[in-house]
Amino acid sequence: AQKVTQAQTEISVVEKEDVTLDCVYETRDTTYYLFWYKQPPSGELVFLIRRNSFDEQNEISGRYSWNFQKSTSSFNFTITASQVVDSAVYFCALNPGGSRLTFGEGTQLTVNP
Amino acid sequence: NAGVTQTPKFRILKIGQSMTLQCTQDMNHNYMYWYRQDPGMGLKLIYYSVGAGITDKGEVPNGYNVSRSTTEDFPLRLELAAPSQTSVYFCASSYPGLLYGYTFGSGTRLTVV
């Protein structure tokens, strides 16, 4: 069975702080893909990143970075120097092959000015 | 670029009524999906389709039906609405392999009273 766990239900930080959102996944497949999505207060879902199981290199995109560790089945997401516009619900998702995504429960991030 | 279009955006149904949530995409994606998002929760897959004429159940299909007569359209039918179906419904589409993840519609907020 596939499962994604985002243990942090809510995180609150002050602007300019760094924040890490945790994601732990379970799958028996050796080939799989991991995703992060952002859901701002307006409600739409925005694709942030896709990572395959064979590529454990960390990825950085501006203030966003992702740390994939196969040994601990984790795919954590860090926002550096957070801003109020980063306030959103963030979802981690797993695709073990085929076309379906399994989503975690989401982490509500609030960045206060 | 329209992407994935869902209608209506909001709807209130009475218990026992039926309705169809419309979803259309203009990206020529083969794969389409319906998810529901309950308050404070992640997304659960209701039904998905890998091409015209092909549909399959997801995690929570009970109380719903779908059809896929064209590549563009993937309507979701609710029969005999129940309060447990109060949720936000998202339609999504993708290419095989999910290279860019899903493209989501803006959602339909449904309340059953």
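Scoring rules and cut-offs
- Residues numbered from 1 in each chain as written.
- Chains lettered and ligands numbered in written order.
- Predicted model: local features only at pLDDT ≥ 70, side-chain atom pairs only at ≥ 80, totals over all residues.
- Heavy atoms only, no water.
- Helix = DSSP H or I, 4+ residues; strand = E, 2+ residues; numbered from the N terminus.
- Rg over C-alpha atoms; globule rule 2.2 N^0.38 Å.
- Contact = heavy atoms within 4.5 Å.
- Areas by Shrake-Rupley, 256 points an atom, 1.4 Å probe, with all protein chains shown as cover.
- Lys, Arg positive; Asp, Glu negative; His and termini not counted.
- Charge placed at Lys NZ, Arg CZ, Asp CG, Glu CD.
- Buried area = accessible area lost by both parts, 1.4 Å probe.
- Salt bridge = Lys/Arg side-chain N within 4 Å of Asp/Glu carboxyl O.
- Nonpolar A, V, L, I, M, F, W, Y, C, P; charged D, E, K, R; others polar.
- Buried < 20%, exposed > 50% of the residue type's maximum accessible area, 1.4 Å probe, protein only.
- Disulfide = S-S within 2.5 Å.

## Quick word on the overall build of chain A
Assigned secondary structure in chain A consists of zero helices and twelve strands. Reading chain A from its N end, one meets helices and strands in the order β-β-β-β-β-β-β-β-β-β-β-β. The globule rule puts the C-alpha radius of gyration for 113 residues at 13 Å, and the 14 Å found for chain A is close to it. Judged by the C-alpha coordinates and their principal axes, chain A covers about 45 × 25 × 20 Å. Pairs at least 24 apart in sequence give 55% of the contacts found in chain A among residues at least 6 apart. Accessible area for chain A stands at about 5500 Å²; split by element, carbon and sulfur atoms hold 47% of it. Positive and negative side-chain charges of chain A, numbering 9 and 13 respectively, have mean locations separated by a distance of 6 Å.

## A look at the interface of chain A and chain B
How big an interface is tends to be reported as the loss of accessible area on association of its parts. Counting residues at the interface gives 15 residues for chain A, matched by 21 residues for chain B. Of the roughly 1600 Å² buried at the junction of chain A and chain B (both faces included), carbon and sulfur atoms supply 57%. Taken together, the connections running from chain A to chain B amount to one salt bridge. It is strand β5 (residues 33–39) of chain A that contributes the most residues to the side of chain A that touches chain B, three residues altogether. When the residues that make up the side of chain A that touches chain B are grouped by side-chain class, the tally is seven nonpolar, five polar and three charged.

## Side note on the pattern of salt bridges
Residues and elements named next belong to chain A. Counted under the stated rule, the structure contains six salt bridges over all chains. One salt bridge in this structure joins R51 and D55, with 3.4 Å as the shortest N-O distance. Residue classification places R51 among the buried positions, given a relative accessible area of 7%. Between E59 and R51 there is a salt bridge whose closest N-O contact spans 2.7 Å. Residues joined in a network through salt bridges with shared partners are R51, D55 and E59.

## Topic: the state of the cysteines
Residues and elements named next belong to chain B. In the structure shown here, the tally under the stated rule is two disulfides over all chains. Disulfide partner of C23: C91, at an S-S distance of 1.8 Å. Taking the torsion about the S-S bond as the criterion, the C23 to C91 disulfide, at about -70 degrees, is left-handed. Of this pair, C23 sits in strand β3 (residues 19–25) while C91 sits in strand β9 (residues 87–94), placing them 68 residues apart in sequence. Take C23 and C91: they sit in the same class, and that class is buried.

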